[in-house]
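# Breakdown of the fold
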Amino acid sequence: MPTNRVDAFSDLQDTFFSYIRDIKYATMITVDRENRPRARVLLPVWEVVDGRPVGWLAAYKTPVKTAHLAHSPHTTYSYWNPRQNTVHVDALSTWADDEATKHHAWDLYRRGGPPGVGYDPVHYWRGGPEDPEYHVIRIEPWRIQLVRGSDLRSTMWRADTALVPGA
């Protein structure tokens, strides 16, 4: 079955958020200096900024994650549910250490992005957004593919890569 390609993220936005709301947790894939993949399960939150998806990941700045992102900011986030619905997000992921961004991501986690996806980060970072162990990764997708499990229909959005540095 051919993949349906859309030019605007808005053409698949509702399904994207529906799948994310249903699945919640994503497998994040990074690569090390020898280009070997590493997977971990995390919970990003999402919003739309200027018509494009932007994800935020509250995270501990571990040596492995830091080394991987320093080697290559190219990451994949993969979501799956037992009905075989999947979301694949190819993105650039970078540490966002400024206070305004950390507060923004914190608030998005608390209110849900999309609604129903998130948590109160104070359970992990008792010092709030100023906690020295609280860090944020900005996720800038350049390709998103949705696959509906009932018929394996695939829809793909690809950003204008000229707008995504390094993509």
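It should be emphasised that the depicted structure is a prediction, and the values quoted were computed from it without experimental measurement.

## Focus: the pattern of salt bridges
Under the defined criterion, the tally for this structure stands at nine salt bridges. For the salt bridge of Arg143 with Asp90, the shortest nitrogen-to-oxygen distance reads 2.6 Å. On the criterion of sequence distance, the pair formed by Arg143 in strand S8 (residues 135–148) and Asp90 in strand S7 (residues 86–95) is long-range, its members being 53 residues apart. Arg143 gets classed as partly exposed once you look at its relative accessible area, which sits at 23%. Linking Arg153 and Asp151 is a salt bridge whose minimum nitrogen-to-oxygen distance equals 3.8 Å. Within this structure, Asp32, Glu34 and Arg36 form a network of salt bridges that share partners.

## Details of the side chain of Ser154
Mapped onto the secondary structure, Ser154 falls in strand S9 (residues 153–158). Among the polar contacts listed, one links the side chain of Ser154 to the side chain of Gln145, at a separation of 2.6 Å. Sequence-distant contacts of Ser154, that is, excluding residues within four places in its chain, are made with Pro2, Thr3, Asn4, Gln145, Leu146 and Val147.

The rules we used
- Residues numbered from 1 in each chain as written.
- Predicted model: local features only at pLDDT ≥ 70, side-chain atom pairs only at ≥ 80, totals over all residues.
- Heavy atoms only, no water.
- Salt bridge = Lys/Arg side-chain N within 4 Å of Asp/Glu carboxyl O.
- Helix = DSSP H or I, 4+ residues; strand = E, 2+ residues; numbered from the N terminus.
- Buried < 20%, exposed > 50% of the residue type's maximum accessible area, 1.4 Å probe, protein only.
- Polar contact = N/O pair within 3.5 Å; in protein donor to acceptor, adjacent residues only side chain to side chain.
- Contact = heavy atoms within 4.5 Å.

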